[in-house]
Amino acid sequence: MEVASRLAVKEAIRELKARYFRCMDMRDWAGMRDVFAGDAVMDMREEMVRLVEAGLPVDPDGGLLRGCDAIVAAMSASLSGTVTVHHGHMPEIELQSADEATGIWAMEDIVSLPEGSPCRQLHGYGHYHERYVRDDTGRWYIHSLRLSRLHVTLI
Amino acid sequence: MEVASRLAVKEAIRELKARYFRCMDMRDWAGMRDVFAGDAVMDMREEMVRLVEAGLPVDPDGGLLRGCDAIVAAMSASLSGTVTVHHGHMPEIELQSADEATGIWAMEDIVSLPEGSPCRQLHGYGHYHERYVRDDTGRWYIHSLRLSRLHVTLI
Amino acid sequence: MEVASRLAVKEAIRELKARYFRCMDMRDWAGMRDVFAGDAVMDMREEMVRLVEAGLPVDPDGGLLRGCDAIVAAMSASLSGTVTVHHGHMPEIELQSADEATGIWAMEDIVSLPEGSPCRQLHGYGHYHERYVRDDTGRWYIHSLRLSRLHVTLI
């Protein structure tokens, strides 16, 4: 692939991830559904362990979600009543083929929990480890996403 | 427009916004004036409501500023005596024509207020909604900027 | 240099700096060594003054480190026992020649200190001022790095 095309792929994936963050924090679930491939997998299992420790509700699948509908339904349910801020930083995107890429993103999230929750706020830092796919029309989607943590504070 | 040119526009706008943030936090008001188009509009009205609630001073125009000189004068006045950190993240930039573009940026700001203020610190998160214009020499400027908030803490 | 090549250089330098941050926070010291030129210089002297004030240990060179081995050894020693988060934002990268570039990055860092330290956490904001060089194989390296601070809190 020539230089400009490779750069355009990375730009498209950055913009894809920007939509992920904006749709999350602005509760645009229709927009979020369009971020994920139909058969996408989201692995938040490391996160679930922490939520159990904190006495927060966890989804019945234990944090391993399959399919864009299940992913968006779980996001929408788990963030109900919260105010959230999710920011991504410093991507390292690698093209694996013309239609596949991988990426690592540094991240920070703040989840302000509703009244009556066991904690008031979760404030975390970590990395997203992701895979992207391009469909026949040239659009990119998140195909898999796994969150690992550096540090989380519950107050 | 060809691929490389479109990417170059987005890069130029990212660098424009980087100057906005650096000039803000380093108090480079001459540099900041060069970030805005002469007839730029800055809409901080949502912010003003919050500042009034917190007992902090608000500018007499109610947060809707017209013209680069008025914008920079208001910034310089409102940040006097403070220490600030403004960070931008995850831009979604769209070219509207050869000389116009729009962008959404996630943001975080920390404003440490001077001794004797009703609060010690403002810590906020939100999005900038912006429009950019290119002049005859090929330079890009912010033409309009509106700040919306996800979450603000005053301590 | 043509447009696409200039953009590719900036992308390569962003990815270089992304590795710097990831290797720092994930303690990948072999990866970190590969980020710096052999004769790199890291200037953390402004930081040392603050650490002395806080009663934290400082390196015997006073924060001016010469050579990639000395830089990585000092990082590894000073972060031993800590949990860290380092994020970079809003780069302004300028090509100075085909094989040299400069950059300014906004940054935030959180250093959670081990039990028994005089402070529990350092939370800071500032800018990296950097120079980059490209070797014969086309790889970019950090040649010099200086940290300036906007604001640091020790709690």
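Presented here is a report on the structure given in the accompanying data block. Not measured: the values here are computed from a predicted model. (Residues numbered from 1 in each chain as written. Chains lettered and ligands numbered in written order. Predicted model: local features only at pLDDT ≥ 70, side-chain atom pairs only at ≥ 80, totals over all residues.)

**Some words on the interface of chain C and chain A**
If you look at the interface, chain C gives 18 residues, while chain A gives 14 residues. Only helix H1 (3-25) and strand E3 (83-97) of chain C provide two or more residues apiece to the side of chain C that touches chain A. When residues of the side of chain C that touches chain A are assigned to their parent elements, the largest contribution, twelve residues, is made by H1 of chain C. Tallied by class, residues from the side of chain C that touches chain A come to seven nonpolar, five polar and six charged. (Contact = placed C-beta atoms within 7 Å. Helix = DSSP H or I, 4+ residues; strand = E, 2+ residues; numbered from the N terminus. Nonpolar A, V, L, I, M, F, W, Y, C, P; charged D, E, K, R; others polar.)

**Observations regarding the interface of chain A and chain B**
Taken together, the contact between chain A and chain B spans 18 residues of the former and 14 residues of the latter. Mapped by element, the contributors of at least two residues to the side of chain A that touches chain B are helix H1 (3-25) and strand E3 (83-97) of chain A. Classifying every residue of the side of chain A that touches chain B gives seven nonpolar, five polar and six charged.

**Overview of the environment of Gly 126 of chain B**
All names here are of chain B. By the element assignment, Gly 126 lies in strand E5 (residues 121-134). The buried category is assigned to Gly 126, around which 20 C-beta atoms lie within 10 Å. Each C-alpha atom of the pair Gly 126 and Asp 109 lies 8.8 Å from the other, and the pair is 17 residues apart in sequence. In contact with Gly 126, other than residues within four places in its own chain, are Met 107, Leu 147, Ser 148, Arg 149 and Leu 150. (Buried ≥ 20, exposed ≤ 12 C-beta atoms within 10 Å, placed from the backbone.)

**Here we look at the environment of Asp 61 of chain B**
Residue placement: Asp 61 of chain B occurs in the loop between helix H3 (45-54) and strand E2 (64-66). For the pair Asp 61 of chain B and Arg 45 of chain B, spaced 16 residues apart in sequence, the C-alpha separation works out to 9.2 Å.

**Some points on the pairing of strand E4 (residues 100-112) of chain C**
Residues and elements named next belong to chain C. Pairing of E3 with E4, which is carried by twelve bridges, proceeds in the antiparallel orientation. Bridging across to E4, His 87 finds its partner in Glu 108. Hairpin connection of E3 to E4: two residues between the antiparallel strands. Bridging between E4 and strand E5 (residues 121-134) involves 13 bridges; their strand directions are antiparallel. Residue pairing across strands places Trp 105 opposite Tyr 128, the latter belonging to E5. (Pairing = 2+ DSSP bridges.)

**Focus on the relation of the copies chain A and chain B**
Rotating chain A by 120° about the axis while translating it 0.0 Å along that axis superimposes it on chain B, leaving an RMSD of 0.0 Å. The two molecules are tied by a three-fold rotation axis, judged by turn and shift. Minimal C-alpha separation from the rotation axis in chain A is found for Ala 4 of chain A, amounting to 3.2 Å. An asymmetric contact is evident, with only 17% of the interface residues of chain A recurring at the interface of chain B. (Least-squares fit on C-alpha atoms with pLDDT ≥ 70 in both.)

**A look at the sheet that holds strand E1 (residues 36-43) of chain C**
All names here are of chain C. The sheet built from six strands is open, its strands ordered E2-E1-E6-E5-E4-E3 with mixed pairing. Of all strands in the sheet, those with a lone pairing partner are strand E2 (64-66) and E3, marking the two edges. Looking at each pair of strands side by side, their axes are set apart by 15° on average, direction ignored. The sheet contact formed by E1 and E2 spans three bridges and is antiparallel. Pairing of Met 42 across the sheet is with Leu 65, part of E2. Each of E3, E4, E5 and strand E6 (140-154) touches H1; the most contacted strand, E3, lies at about 160° to it. The strands that helix H4 (residues 68-78) touches are E1 and E2; relative to E1, the one it contacts most, it runs at about 55°. (Axes fitted to C-alpha atoms, helices over the stretch in contact; angles between N-to-C directions.)

**Quick notes on the relation of the copies chain C and chain A**
In the superposition of chain C on chain A (RMSD 0.0 Å, axial shift 0.0 Å), the rotation amounts to 120°. Of the interface residues in chain C, just 17% have counterparts in chain A that sit at the interface too, so the contact is made through distinct surfaces.

**A word on the sheet that holds strand E2 (residues 64-66) of chain A**
Overall, mixed pairing links the six strands, which are arranged E2-E1-E6-E5-E4-E3 (chain A) in an open sheet. Edge positions in the open sheet fall to E2 and E3 of chain A, since each of these has one partner strand only. When strand polarity is set aside, the average angle formed by the axes of neighbouring strands in this sheet is 15°. In the packing of helix H4 (residues 68-78) of chain A onto the sheet, the strands contacted are strand E1 (36-43) and E2 of chain A, and the crossing angle to E1 of chain A comes to about 55°. Across the sheet, H1 of chain C touches E3, strand E4 (100-112) and strand E6 (140-154) of chain A, and the angle it forms with E3 of chain A is around 115°.

Any functional reading would require information beyond the geometric quantities listed.
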